[in-house]
Amino acid sequence: MKTLENNGIFLNKDYYFDKEDLLNLNRLQKVLIEEENIYATIEECANMWQQYSWDLSASWLSFPDNDKDILRHISSSDFFTSYEDYLLN
């Protein structure tokens, strides 16, 4: 368990996630379970969204409003091979 400080936390020593980022990562975690039967930690979800963002030459993209669109966005990357591969990056 981690307590948010200044409305966010460092998931690792290099990356700070604010409350909105964390809620969106929870949405990603939820749709992975619902749609793909994949459980990913919040850190793995952050890696996945970061990889997707980098694939589109962005530092961190905003999440879509609709939960069902999150996985569609990720899988639309030209570099996407599988969700498992994205979790490892």
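About the criteria used
- Residues numbered from 1 in each chain as written.
- Predicted model: local features only at pLDDT ≥ 70, side-chain atom pairs only at ≥ 80, totals over all residues.
- Heavy atoms only, no water.
- Helix = DSSP H or I, 4+ residues; strand = E, 2+ residues; numbered from the N terminus.
- Buried < 20%, exposed > 50% of the residue type's maximum accessible area, 1.4 Å probe, protein only.
- Contact = heavy atoms within 4.5 Å.
- Axes fitted to C-alpha atoms, helices over the stretch in contact; angles between N-to-C directions.
- Parallel < 35°, antiparallel > 145°, perpendicular 65-115°, else oblique.
- Left-handed = near helix turned anticlockwise from the far one by under 90°.
- Nonpolar A, V, L, I, M, F, W, Y, C, P; charged D, E, K, R; others polar.
- Expected span 1.5 Å × (residues − 1).

Quick notes on the environment of Leu-71
And then number 1: Along the chain, Leu-71 falls in helix α3 (residues 67-75).
And then number 2: Owing to a relative accessible area of 6%, Leu-71 belongs among the buried residues under this scheme.
And then number 3: In the structure, Leu-71 is positioned 33 residues away from Ile-38 in sequence and 12 Å away in space, judged by C-alpha atoms.
And then number 4: With residues near it in sequence (within four places) discarded, Leu-71 still touches Leu-28, Val-31, Leu-32, Glu-35, Glu-36 and Tyr-83.

Points about the packing of helix α2 (residues 42-55) against α3
And then number 1: Where α2 contacts α3, the axes come no closer than 9 Å and their chain directions differ by 50 degrees. As far as their axial angle goes, α3 and α2 are oblique. Every pair of crossing elements has a handedness; the one defined by α2 and α3 is left-handed. Listed contacts from α3 to Met-48, Trp-49 and Tyr-52 of α2 are Ile-70, His-73 and Ile-74.
And then number 2: Split into classes, the residues belonging to the contact of α2 with α3 amount to five nonpolar, one polar and no charged.

Overview of helix α1 (residues 19-36)
And then number 1: Relative to the 26 Å expected for 18 residues at 1.5 Å per residue, α1 spans 25 Å between its end C-alpha atoms, a close match to the ideal helical length.
And then number 2: Of the positions making up α1, those classed as buried are Asp-21, Leu-22, Asn-24, Leu-25, Arg-27, Leu-28, Gln-29, Val-31 and Leu-32.
And then number 3: Residues of α1 that are buried sit in contact with β1 (8-10), β2 (16-18), α2, α3 and α4 (83-88).
And then number 4: Note on α1: the residue one or two positions beyond its end, Asn-37, has a positive phi of about 55 degrees.

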